[in-house]
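Structure assessment
Chain residues, written in single-letter form:
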Amino acid sequence: MSFVLEFENVTKEYRSFASKRRLRALDSFSLAVEAGEIFGFLGPNGAGKSTAIHLAMGFMQPTSGNGRLLGESFGDPGARRRVGFLAESVALYHRRAERLVRFYGALNGMGGTQLDKRAREVLEIVGLQDHANRNAGKFSRGMLQRVGLAQAMVNDPELLILDEPTSALDPLARVMVRELLIGARNAGKTIFLSSHLLSEVELICDRVAMLHRGKLARLGRTTDLLQAGGRTEIIVRAIAPSHFEGAAARDGIVSFSVPTHGQRAALEKVWNLGGEVVSVNPVRRSLEEIFLEVTAEPLSPLSKGVQ
Ligand SMILES: Nc1ncnc2c1ncn2[C@@H]1O[C@H](COP(=O)(O)OP(=O)(O)OP(=O)(O)O)[C@@H](O)[C@H]1O
Ligand SMILES: [Mg+2]
């Protein structure tokens with residue numbers, strides 16, 4: 001198994017000189033992202049997602065622990081050149097959009113007609129071809145995010161690290177980005193993205209991690225997490241709802257859920273009552289439900305010491 005991004009027991013504390021207090025934004029955080037997956041990095045505001053991303057990009061150092069980006073220590077300039085990065089709040093210079101994208105390409109060692117061609121290509125991918133000569137400093141929030149994506153892709157990176165890539169995008173652009181990311185994954189690239197748009201994450205991410213107060217609270221394949229409720233929904237016809245606790249009836253169709261281990265007994269009861277089974281399905285949870293569950297979990301005693 002090859003990992004493209006690894007955090008090993010990373011702790012990051014920010015120090016406030018004014019109050020002399022320390023804030024632990026990441027707390028013994030470990031995670032390994034596999035090559036070729038779309039990985040969703042979730043968690044409430046202030047959970048530490050952007051902090052983790054900034055450490056991976058080498059913008060600052062962990063307080064303790066370490067990690068690797070494309071097999072090199074965080075901050076390695078060679079590895080950085082093979083990564084495309086989109087910051088949470090895109091702040092761009094007052095330059096023509098095309099020039100900005102070329103600027104980022106040049107930072108990654110690109111140049112000449114190859115860079116000109118690629119800059120036009122990525123601006124077209126994000127739907128900004130008609131705005132390529134406009135001053136990006138005057139762009140709308142969504143347009144800025146599009147330029148940000150274009151610059152992240154200009155060097156055809158192996159790994160895309162995107163901090164909330166679609167937060168300002170309109171629905172059409174979101175679909176565009178979704179297709180773009182799936183296309184990139186199918187071409188063998190890896191995508192690590194943070195997002196609060198859980199329905200989008202459900203659609204495209206192969207695996208997700210949820211961070212809560214700097215600690216890893218959940219990790220798994222998206223499909224497994226969504227089915228891990230351990231309950232089965234049974235829909236039947238031709239029995240009275242009163243036979244099953246919590247059953248709802250509508251137009252002669254009765255639905256209820258049981259713990260998965262009690263599924264067989266419930267189905268036998270339906271048949272014994274002369275009912276007809278319409279469907280039996282694992283209860284699918286949403287990432288939103290899991291997210292709310294995680295954020296309601298109490299602080300572990302270990303992380304109470306530092307504020
Ligand atoms: N430069 C900094 N100096 C001091 N504290 C910081 C700094 N950057 C982040 N923090 C703090 O670290 C914690 C984690 O912040 P971070 O930006 O990593 O969260 P996040 O998960 O990205 O949140 P969001 O979903 O709102 O983007 C927060 O309490 C934040 O105030
Ligand atoms: Mg953030």
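Structure's up top.
Below: a short report on this structure. (Residues numbered from 1 in each chain as written. Chains lettered and ligands numbered in written order. Predicted model: local features only at pLDDT ≥ 70, side-chain atom pairs only at ≥ 80, totals over all residues.)

Points about the overall build of the protein
The helix and strand inventory of the protein stands at 10 helices and 14 strands. Structurally, the protein occupies a C-alpha span of about 75 × 50 × 40 Å along its principal axes. Put simply, of all contacts in the protein between residues at least 6 apart along the chain, 69% involve residues at least 24 apart. (Helix = DSSP H or I, 4+ residues; strand = E, 2+ residues; numbered from the N terminus. Contact = placed C-beta atoms within 7 Å.)

A word on the site of ligand 1
As a matter of local geometry, ligand 1 sits amid Tyr14, Leu23, Ala25, Gly43, Asn45, Gly46, Ala47, Gly48, Lys49, Ser50, Thr51 and Glu88. Broken down by secondary-structure element, the contributors of at least two residues to the shell around ligand 1 are strand E2 (21–34) and helix H1 (49–56). In terms of residues, the shell around ligand 1 owes the most to one element, H1, which gives 3 residues. Grouping the constituent residues of the shell around ligand 1 by class yields 4 nonpolar, 6 polar and 2 charged. (Near = placed C-beta within 6 Å. Nonpolar A, V, L, I, M, F, W, Y, C, P; charged D, E, K, R; others polar.)

A short note on the pairing of strand E6 (residues 83–86)
Both faces of E6 are covered, namely the face carrying Val83 and Phe85 and the face carrying Gly84 and Leu86. Bridge analysis of E6 against strand E7 (residues 159–163) gives 4 bridges, and the strand direction is parallel. Its bridge partner being in E7, Phe85 is matched across the sheet by Ile161. (Buried ≥ 20, exposed ≤ 12 C-beta atoms within 10 Å, placed from the backbone. Pairing = 2+ DSSP bridges.)

Regarding unusual backbone geometry
In this structure, Ser28 is a non-glycine residue whose phi angle is positive, near 45°. In this structure, Ser28 sits in strand E2. Look at Ser28 and you get partly exposed, because 17 C-beta atoms sit within 10 Å. Positive phi is not limited to glycine here, since Ala238 has a value of about 70°. With respect to the helices and strands, Ala238 occurs in the loop between strand E11 (231–237) and strand E12 (248–250). C-beta crowding within 10 Å serves as the criterion here: with 13 such atoms nearby, Ala238 is assigned to the partly exposed category.

Comments concerning the sheet that holds E11
Within a sheet, neighbouring strands are paired by backbone hydrogen bonds and run either parallel or antiparallel to one another. One open sheet holds the 4 strands; their spatial order is E12-E13-E11-E14, and the pairing between them is antiparallel. Looking at strand neighbours, the two that pair on one side only are E12 and strand E14 (276–282), the edges of this open sheet. The mean inter-strand angle of the sheet, taken between neighbouring strand axes irrespective of direction, is 20°. As paired strands, E12 and strand E13 (residues 253–259) are joined by 3 bridges and run antiparallel to one another. Note that in E13 the partner of Arg250 across the bridge is Ile253. Its contacts with the sheet place helix H9 (residues 263–272) against E11, E13 and E14, and it is angled at close to 10° to E11. (Axes fitted to C-alpha atoms, helices over the stretch in contact; angles between N-to-C directions.)

Focus: the packing of helix H3 (residues 97–107) against helix H4 (residues 112–125)
At a closest axis distance of 9 Å, the pairing of H3 and H4 adopts a crossing angle of 120°. What the angle tells us is that H3 and H4 run oblique. Handedness of the H3/H4 crossing: right-handed. On H4, the residues that touch Ala97, Glu98, Val101, Arg102, Gly105 and Ala106 of H3 are Leu115, Arg118, Ala119, Val122 and Leu123. (Parallel < 35°, antiparallel > 145°, perpendicular 65-115°, else oblique. Left-handed = near helix turned anticlockwise from the far one by under 90°.)

Here's the deal with the pairing of strand E1 (residues 3–16)
The pairing of E1 with E2 spans 10 bridges and is classified as antiparallel. Within E2, the position partnered with Val10 by the bridge is Phe29. Linking E1 to E2, which pair antiparallel, is a turn of 4 residues; within it Lys20 sits at a positive phi near 60°. As judged from the 5 bridges shared by E1 and strand E4 (residues 64–69), these two strands associate in the antiparallel manner. If you follow Thr11 over to E4, its bridge partner there is Ser64.

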